[in-house]
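# Reading the structure
Below, each chain spelled out in residue letters.
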Amino acid sequence: MKIEYEEFDSVEDIFMYMSSVAPPMKNTLPINSYKGYVFSFIPLSPSTGDVYLLIYTKGSLDGRILEYDINLHTYKKVDSVERADKNYFIVLTPKRNTIADAALEKL
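The sections below set out a description of the structure shown in this document. Along each chain, residues carry numbers from 1 onward, in the same order as the chain's sequence is written. Whole-chain, interface and lining totals are the exception, using all residues; otherwise, since this is a predicted model, local features are given only for residues with pLDDT of at least 70 and side-chain atom pairs are given and counted only at 80 or more. Side-chain numbers come from the whole structure's heavy atoms, not from hydrogens or water.

### So, the sheet that holds strand 7 (residues 87-92)
To keep it simple, the criterion reads: One bridge is not enough; two strands pair if DSSP finds at least two bridges between them. A run of H or I in DSSP becomes a helix once it reaches four residues, and a run of E becomes a strand once it reaches two; helices and strands are each numbered from the N terminus. Axis angles are defined between N-to-C directions and span 0 to 180 degrees, where every axis is a line fitted to C-alpha atoms and, for a helix, only to the segment in contact. Any pair of residues with heavy atoms lying within 4.5 Å of one another is described as a contacting pair.
Within the open sheet, the seven strands sit side by side as 1-4-3-2-7-5-6. Their pairing is mixed. Edge positions in the sheet fall to strand 1 (2-7) and strand 6 (74-77), since each has one partner strand and no second. Across the sheet, the mean angle separating the axes of adjacent strands is 30° when strand polarity is ignored. Most of the contacts of helix 1 (residues 11-21) go to strand 4 (residues 51-58), to which it runs at about 150°, and overall it touches strand 1, strand 2 (28-34), strand 3 (37-43), strand 4, strand 5 (65-69), strand 6 and strand 7.

Below, the structure is given as C-alpha cells:
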C-alpha cells in the first residue's frame, strides 16, 4: 500500500476539501481525530486499494457530529443530521488504527 500526503493549515480547510470531493447527494462524511491529527484517507485507486491520499492537519476534534457550513467556512457540534444544505462530519476517534499509525510515522 502506498500513501500520498496533503497537509492543510486548519480543520476547516479539510472540511472544505472533503465537501468538494464528496459524491453528489452525500452530505455525511467520516473524519478521524487520532494522535494529535485530524485526517481522512481517500482511495486514489478504488479498484485495487493500493494508493491512498491522506489529507491531514494537526489538531483534534471533540463531538460525534459536526455541521460544516461551506459558505461561512465554519463548523459546530450538533446532535443530528438535519439540513440538506450543510455537510456533516462524523468524528471517529479510534483506540488503535494501524494504517494511520504507519502513515503518521512517515510524516
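### Notes on the packing of aromatic side chains
Aromatic ring pairs are defined here through the distance separating the ring centres and the angle between the ring planes. Definition in use: Only centres within 6.5 Å qualify two rings of Phe, Tyr or Trp (six-membered ring in Trp) as a pair; their planes then separate them into stacked at under 30 degrees, edge-to-face at over 60, and tilted for everything else. A 1.4 Å probe rolled over the protein chains alone gives each residue an accessible area, and that area as a share of the maximum for its type sets the label: buried under 20%, exposed over 50%, partly exposed in between.
All told, the structure shown has nine aromatic pairs when counted by the stated rule. On the numbers, 5.2 Å between centres and 85° between planes, the contact of F15 with Y75 is edge-to-face. Taken together, the positions of F15 in helix 1 and Y75 in strand 6 put the pair 60 residues apart, joining distant regions of the chain. Under the relative-accessibility criterion, F15 is labelled buried at 0%. Judged by relative accessible area, Y75 falls into the partly exposed class, the value being 31%. Seen in terms of ring centroids, Y37 and Y56 are 6.0 Å apart; in terms of plane orientation they differ by 65°. Their pairing is edge-to-face.

### Let's talk about the pattern of salt bridges
What counts, and what does not: Salt bridge, as used here, is a side-chain nitrogen of Lys or Arg placed within 4 Å of a carboxyl oxygen of Asp or Glu.
Counted under the stated rule, the structure contains five salt bridges. The salt bridge involving D101 is made with K35; its shortest N-O contact spans 3.1 Å. Pair noted here: D101 is in helix 2 (residues 98-105) and K35 is in the loop between strand 2 and strand 3, with a separation of 66 residues, a long-range link. Note that D69 is salt-bridged to K86, the shortest N-O span being 2.5 Å. Of this pair, D69 sits in strand 5 while K86 sits in the loop between strand 6 and strand 7; the two residues are 17 residues apart in sequence, bridging distant segments of the chain. The two residues D69 and K86 agree in class, both being buried.

From the geometry alone we can't say anything about function, so treat these as descriptive.
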